[in-house]
Amino acid sequence: MATLGELERSVMNALWNTPSGLTAAELRGELSDRDPALTTVHTVLTRLEKKGFVSRDRAARPHRYLAVSSREDHVAELMTEVLDQAPDRQAVLARFLGAVSDSDTAFLSSLINRKLIQR
Amino acid sequence: MLLTGTLLAILAVILAWPVPLALARRAATIDPVSQLALWQAIGLAGGLSLIGTAVVFATAPFAESIGTGLVGLVDAEVLSVLQWWQWTLLIVAVLLSLRLIGSLISQSISVARHRRKHVALVELLTEPSEELPNTRVLSSAEPVAYCLPGRSGTTVVSTGLLEVLTSGQRKAVVAHEQAHLEYHHDLLVLPFAAWNRALPFVPATSTALGAVSALIEFMADDRARAVVPAAALAEAIKTNAAVDSGSHSAPLAAARAARLAEPLPLARRRVRVLNLVASAALLLLPTLLLAWPLFA
C-alpha cells in the first residue's frame, strides 16, 4: 500500500506541474523511473478522482486528467485545518505548539507567575 | 429520597461551577496524568449527579429508592398516575442522557471524518522523513509540527520548522508527538470536546476542555524527556514559539519551557495519590447516593 501512496504522490506532482492536464499514457511516461503498468496508472487515477483530487476531461479521447486544485491551495487547506484555534480540534490532531483559548491564557499565566515566585 | 435528590442537586451544581474553576486556578501541573484523571472524574460525577437529580425527584413520591423508582417506571399503573412535573423531569433526564451520549458519538464521527480527509491530503503533500522516525515532511515555510492520531498515526513537520531547529531539537519534537500517538492523548480530549459541544452553557465544560488540552502537552513532555534531553525539548519549544505567529501559543509554550527547565517535581507521587483518591471519592459519591436505599 505504501507504494500505491508513493505512486499517487508522483501522479499528483506530475499533474500539478502540467496544469493543462495529461492522459494516462502521458502520465506513465512521466513516471518512467517507476515504470508502472498502464492499468496501475488507471487505478491510481480512479482512486484520486474518488478522493476529489483529480478531475477527468471525458470529452477528450483518450481522457485527460487534471488536478482539481494547485499544490499551494492544498497546502493552504491543510494549514487552515492545522492552525485552527478551536480547542476541540485537538482530538483530530495535536500541534506541537497547541493553541489555547483566552480563559486558559489566564490559567497558564498564573502557572508561570507561580513558578517564578517559587524560585 | 428527597434528601438524596437535594444532595445530588447540590453536588451537580458544585461540580458544574466552583470545583472546576478552583481546580483550573490551582494550575497544578505537578502530576498531569492524575490531574487529568481528576478532570474525568469531575465530568462523570457531574453528569451522573445532574441526571440522577432529575430521576430521583421524579420518582420520589412513589419510590423508596432510585432502584424501586426505576423499576416502578416500567409499571404501566405507576406511569398512568405520574404528574406533569414528574413527566417533565423524566424527559429532561432522558434528553440529557441522550445529548451527552449522542454528542460523544457525533464528535467521534466528526473527528474520524476530518482525520480521513486530512490523512488523504497529508499522503499527497508530504514525503516520509529519512532522518526522523514515523515522521512526514511538508514543504511549507509555515513553521508547524503536529501529530495525526489514528490507526496509522504519524507526525507531520514542515520544512519551515525543520530549518530553524537543530538535529537534537527535531528529535525532541518528534519524541513529544510520538508520546501523544503512543498514549492516545486524542482519546483523552475527545469526551471533553464532546461535552463542551453538548453543554456549552455549563462553564465547567470549557474550563475542563482547556485544562485537559494543556495537560496532554505536559504529559507528552514528561514522556519525551525520558528519551530526549529536557533542554533540547525546551529549546525546541522556545524556538517554535519565537517563529510561530499564533499569539495564543505563547503562554502554554512558556509554561512548558519553565517546567522542562527543572527536574520532574519530587511531590508528584504524593500528588498522584491525592488526585486518585479524590477522583475515586468523586465517582463514589453520586454512585452511592443513587444506589443506597438507606438514604431514602
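Residues numbered from 1 in each chain as written. Chains lettered and ligands numbered in written order. Predicted model: local features only at pLDDT ≥ 70, side-chain atom pairs only at ≥ 80, totals over all residues. Heavy atoms only, no water.

## What to know about the confidence of the model for chain B
Right, so step 1: Confidence along chain B averages 90 in pLDDT terms, with 97% of residues attaining 70 or more.
Right, so step 2: Reported confidences for the modelled complex are a pTM of 0.89 and an ipTM of 0.83. (pLDDT = per-residue confidence, 0-100.)

## Some points on the UniProt feature "domain: Peptidase M48" (unreviewed entry) in chain B
Right, so step 1: UniProt tags residues 135-200 of chain B as "domain: Peptidase M48" (unreviewed entry).
Right, so step 2: Taken as a whole, residues 135-200 of chain B contains 55% helix and 20% strand, while its terminal C-alpha atoms sit 36 Å from one another. (UniProt positions renumbered as here; feature names shortened; annotations may be inferred. Helix = DSSP H or I, 4+ residues; strand = E, 2+ residues; numbered from the N terminus.)

## Thoughts on the packing of helix α1 (residues 2-16) of chain B against helix α3 (residues 32-59) of chain B
Residues and elements named next belong to chain B.
Right, so step 1: Here α1 crosses α3 at 145°, and the two axes come no closer than 8 Å. Remark: the crossing between α1 and α3 carries left-handed chirality. In this structure, α1 uses L2, T4, G5, T6, L8, A9, L11, A12 and L15 to contact α3, whose residues at the interface are I42, A45, G46, S49, L50, G52, T53, V56 and F57. (Axes fitted to C-alpha atoms, helices over the stretch in contact; angles between N-to-C directions. Left-handed = near helix turned anticlockwise from the far one by under 90°. Contact = heavy atoms within 4.5 Å.)

## Some words on the sheet that holds strand β3 (residues 145-148) of chain B
Each strand in a sheet pairs with another by means of backbone hydrogen bonds, the pair being arranged parallel or else antiparallel.
Right, so step 1: What the five strands build is an open sheet, ordered β4(A)-β3(B)-β4(B)-β2(B)-β1(B); its pairing is mixed. Bordering the open sheet on either side are β4 (94-95) of chain A together with β1 (126-128) of chain B, each of which pairs with just one other strand.
Right, so step 2: Bridge count for β1(B) against strand β2 (residues 135-138) of chain B is three bridges, and the pairing is antiparallel. Bridging from a neighbouring strand, B:P128 pairs with B:R136 of β2(B).
Right, so step 3: Where helix α4 (residues 71-83) of chain A meets the sheet, it contacts β4 of chain A together with β2 and β3 of chain B, and its direction lies at approximately 120° from that of β2(B).
Right, so step 4: Set on the sheet, helix α6 (residues 84-125) of chain B makes contact with β1, β2, β3 and β4 (154-158) of chain B; between it and β3(B) the angle comes to about 120°. (Pairing = 2+ DSSP bridges.)

## Focus: the environment of B:T159
All names here are of chain B.
Right, so step 1: Looking at the element boundaries, T159 is found in helix α7 (residues 159-164).
Right, so step 2: Residue classification places T159 among the partly exposed residues on the basis of a relative accessible area of 25%.
Right, so step 3: The sequence separation of T159 and P191 amounts to 32 residues, and the corresponding C-alpha distance is 33 Å.
Right, so step 4: Once you skip the residues sitting within four places of it in the chain, T159 turns out to touch V137, L138, S139 and S140.
Right, so step 5: At 3.0 Å, the side chain of T159 forms a polar contact with the backbone nitrogen of S140. (Buried < 20%, exposed > 50% of the residue type's maximum accessible area, 1.4 Å probe, protein only. Polar contact = N/O pair within 3.5 Å; in protein donor to acceptor, adjacent residues only side chain to side chain.)

## Describing the pattern of salt bridges
Right, so step 1: All told, the structure shown has 16 salt bridges over all chains when counted by the stated rule.
Right, so step 2: The shortest N-O distance in the salt bridge between A:R28 and A:D35 comes to 3.8 Å.
Right, so step 3: Here A:D35 falls in the exposed class, since its relative accessible area comes to 55%.
Right, so step 4: B:D221 is paired through a salt bridge with B:R256; the nearest N and O atoms lie 2.8 Å apart. Here B:R256 lies in helix α12 (residues 250-260) and B:D221 lies in helix α10 (residues 203-224), a separation of 35 residues in the sequence.
Right, so step 5: Using a relative accessible area of 1% as the deciding quantity, one classes B:D221 as buried.
Right, so step 6: B:R256 gets classed as buried once you look at its relative accessible area, which sits at 0%.
Right, so step 7: Here the salt bridges share partners, and the residues they tie into one network are A:E8, A:R47, A:K51 and B:E123. (Salt bridge = Lys/Arg side-chain N within 4 Å of Asp/Glu carboxyl O.)

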